[in-house]
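Structure assessment
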Amino acid sequence: MTAVTAYEMRGQEPTHHLSDELLMDYASGALDEAGSLFVASHLTLCPHCRARLQALEAVGGALLDDIEPVSMADGAFDAIMAKIDAAGSANENAAPAEAERVVDGTVLPAPLRKYLGVDLDGVQWRKKGGGVAVAPVPGMGPEANAFLLKVEAGRAVPQHSHGGNEFVMVLKGGYSDASGHFGRGDVELADDDVDHQPIADDGEECVCLAVTDAPLRFTGKTGWLLNMFVKM
Amino acid sequence: MGHVGATIVADKAQKPIAAVVESLAAAKCFSNGESGRNALPEAVAVDRGGRGLDAITPDDHRALMARIAHDQDRAAFAALFGHFGPRVKAYLMRSGSDMESAEELSQEALMTVWRRAESFDPKQASVATWIFTIARNKRIDAFRRLNRPELDPEDPALTPQAEPEPDEHLDEVQKSKAIQEAVKTLPKEQAEMLRMAFFQDKAHSQIAEETGLPLGTVKSRLRLAIARMRKQLKELDE
Ligand SMILES: [Zn+2]
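Reference entry: report on the structure contained in this document.

1. Describing the interface of chain B and chain A
On the chain A side, the residues contacting the 85 residues of chain B number 77 residues. Surface buried jointly by chain B and chain A totals about 7500 Å² across both partners, of which 61% is contributed by carbon and sulfur atoms. Run the count over chain B and chain A and you get four salt bridges. Across the salt bridge formed by Asp155 of chain B and Arg113 of chain A, the nearest N and O atoms sit 3.0 Å from each other.

Right under this line is the structure:
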């Protein structure tokens, strides 16, 4: 492990943010699970996007308040009060005890730790050669893919062809490509238009979360990260 | 390209909405959210909450929530229920739910409001926004059977807000009021486009199909809605 701790990394805020489309779909609830995991992970690391999300949810609240109401069934209020009384002191305010013991130095955002069951130091990597390793994030459903990608310091990710959309976010270390430098929390959308040749920073391995659109939606082609993932 | 927008790839035309919203969030212009609130829209007044408690304005909602959280005040909850129950039901029906499950889910959502009342933080959101997020999550859970990953405020990996930005003297309540005001004054067809884009899991091309409007019309109405909201917010400033 390198000497960089989560505490030190906390000082920086991301400079490459979520797109408006992603945030809006997350606010409205239209986003799929892998996309939501990606957004929630970035939100953990980005106060700026947390504020943007709040404003979008406020639009949802305003639209709700403004909607043409549809009458509830007769006796609906009494019905739910009866249920509430029957349930007694059951109290949703009491959050279930967090099974995981969190410690300072945590690297991965909590939404991601929940799916992996471990922090970064517990991830089981599959080596791909060329200084690249991957680890799938389980539980994304049949149509979506989310995985961690690790590239050794100073190594280039192999050249690839595009065919879909891939969202990539740095969790540790950093990389540079034609669009600039990407550090912890920074988000990049790699699509058809981007000539994407990321090279990991010197001195530290680079770990990213990558989410790809559903394979069936790639109309025959697959994204480069997905390609790498399925060929393992 | 009917699939575009269905999941993580959103139609580009959505962009201006969120961009405006972001500018709303940053705007310092609407500190007087009460101005222009003299005439209440009829639809809101019609079902004002019972037992002498108003549930009309965001301030009413907040006062009711405080009574529910601190005193388990059932009259206050009845008033809040009278206002938001039918709205949550309408929202769920807009999202494709049939009458029966909309009724059931909106009852569940309002039960959650009662049970989690203590966790409502008026500094973070208006009551309407908080209830919207509860209803949205019920919908995702019930109809899409998906988990919805969310950030954990206690996460040690959380990057805290560095320091309050000087412009952030507007609290969430004031922002919500301004946004609400802007939504209310949108022309009907523009507000309708905004709702379809926001409430339903639909790409703009699907909206066009459903409404029988050309895609260009759908997009231009959304753009107009946004321009209009922006203008409204500027007026509030003056
Ligand atoms: Zn961000």
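2. As for the sheet that holds strand 2 (residues 132-136) of chain A
The strands making up a sheet are joined through hydrogen bonds of the backbone, oriented either antiparallel or parallel. Residues and elements named next belong to chain A. With respect to topology, six strands assemble into an open sheet ordered 1-2-3-9-4-7, the strand pairing being antiparallel. Of all strands in the sheet, those bounded by a partner on one side alone are strand 1 (126-129) and strand 7 (187-190). Neighbour to neighbour, the strand axes of the sheet diverge by 30 degrees on average, direction disregarded. The pairing of strand 4 (residues 166-172) with strand 7 spans four bridges and is antiparallel. Across the sheet, the residue bridging to Met169 is Val187, located in strand 7.

3. So, the sheet that holds strand 6 (residues 180-182) of chain A
All names here are of chain A. Here three strands make up an open sheet; going across it, the order is 6-5-8 and the pairing antiparallel. Strands at the two margins of the open sheet, each flanked by one partner only, are strand 6 and strand 8 (199-200). For strand 5 (residues 175-177) and strand 6, the ladder comprises three bridges, and the chain directions are antiparallel. Residue pairing in the sheet places Asp177 in a bridge with Gly180 of strand 6.

4. Considering the pattern of salt bridges
Enumeration over the complete set of coordinates arrives at 12 salt bridges over all chains. Its salt-bridge partner being Arg155 of chain A, residue Glu152 of chain A comes within 3.4 Å of it at the nearest N-O pair. Judged by relative accessible area, Glu152 of chain A falls into the partly exposed class, the value being 41%. Note that Lys172 of chain A is salt-bridged to Glu205 of chain A, the shortest N-O span being 3.2 Å. Linking Lys172 of chain A in strand 4 with Glu205 of chain A in the loop between strand 8 and strand 9 (206-212), this pair joins segments that are 33 residues apart in sequence. Since its relative accessible area comes to 25%, Glu205 of chain A is described here as partly exposed. One network of salt bridges, in which partners are shared, links Glu57 of chain A together with Arg136, Arg148 and Glu150 of chain B.

5. Description of the pairing of strand 2 of chain A
Residues and elements named next belong to chain A. Across the five residues of strand 2, four count as buried, placing the element largely inside the fold. A loop of two residues connects strand 1 with strand 2, the two strands running antiparallel in sequence, and Gly130 in this loop sits at a positive phi of about 70 degrees. Pairing analysis gives five bridges linking strand 2 to strand 3 (residues 145-151), with the strands arranged antiparallel. Looking at the pairing, Pro136 lines up with Phe147 of strand 3.

6. With respect to a negative patch on the surface
Where like charges cluster on the molecular surface, the negative patch consists of Asp98, Glu100, Glu104, Glu108 and Asp141 of chain B. Take Asp98 of chain B: it is sitting in the loop between helix 4 (74-94) and helix 5 (99-115).

7. Focus: the coordination of the zinc ion
Residues and elements named next belong to chain A. Protein coordination at the zinc ion: the donors are His17 (ND1), His42 (NE2), Cys46 (SG) and Cys49 (SG), at 2.1 to 2.3 Å from the metal. Its four donor atoms give the zinc ion angles of 96 to 130 degrees at the centre, a pattern that matches the tetrahedral case. Spacing between the donor residues of the zinc ion along their common chain follows H-x24-H-x3-C-x2-C. Taken together, the residues span a long stretch of sequence, with His17 in the loop between helix 1 (6-9) and helix 2 (20-28) and Cys49 in helix 4 (residues 47-66) at a distance of 32 residues. The buried category is assigned to Cys49, whose relative accessible area is 0%.

8. A short note on the side chain of Asp65 of chain A
Mapped onto the secondary structure, Asp65 of chain A falls in helix 4. Here Asp65 of chain A is in contact with Ile56, His61, His83, Phe84, Arg87, Ala128, Gln180 and Lys184 of chain B, once residues within four sequence places are set aside.

9. Details of the packing of aromatic side chains
Tallying each qualifying case throughout the model produces eight aromatic pairs over all chains. Judged by centre distance (5.7 Å) and plane angle (45 degrees), the ring pair of Phe77 of chain A and Phe77 of chain B falls under tilted. Remark: Phe77 of chain B occurs in helix 4 and Phe77 of chain A occurs in helix 5 (residues 76-86); the pair is interchain, linking two chains. Across the pair, exposure class does not vary: Phe77 of chain A and Phe77 of chain B are buried alike.

Thresholds, definitions, all that
Residues numbered from 1 in each chain as written. Chains lettered and ligands numbered in written order. Predicted model: local features only at pLDDT ≥ 70, side-chain atom pairs only at ≥ 80, totals over all residues. Heavy atoms only, no water. Contact = heavy atoms within 4.5 Å. Buried area = accessible area lost by both parts, 1.4 Å probe. Salt bridge = Lys/Arg side-chain N within 4 Å of Asp/Glu carboxyl O. Pairing = 2+ DSSP bridges. Helix = DSSP H or I, 4+ residues; strand = E, 2+ residues; numbered from the N terminus. Axes fitted to C-alpha atoms, helices over the stretch in contact; angles between N-to-C directions. Buried < 20%, exposed > 50% of the residue type's maximum accessible area, 1.4 Å probe, protein only. Patch = residues over 30% accessible without salt bridge, like charges linked within 9 Å, V, L, I, M, F, W, Y side chains within 5 Å. Areas by Shrake-Rupley, 256 points an atom, 1.4 Å probe, with all protein chains shown as cover. Lys, Arg positive; Asp, Glu negative; His and termini not counted. Charge placed at Lys NZ, Arg CZ, Asp CG, Glu CD. Donors = N, O, S within 2.8 Å, 3.2 Å for Na, K, Ca; no water. Tetrahedral: all angles 85-135°; square planar, octahedral: opposite > 155°, others 65-115°. Phe/Tyr/Trp six-rings, centres within 6.5 Å; stacked < 30°, edge-to-face > 60°.

That is the geometry; function is a separate question.
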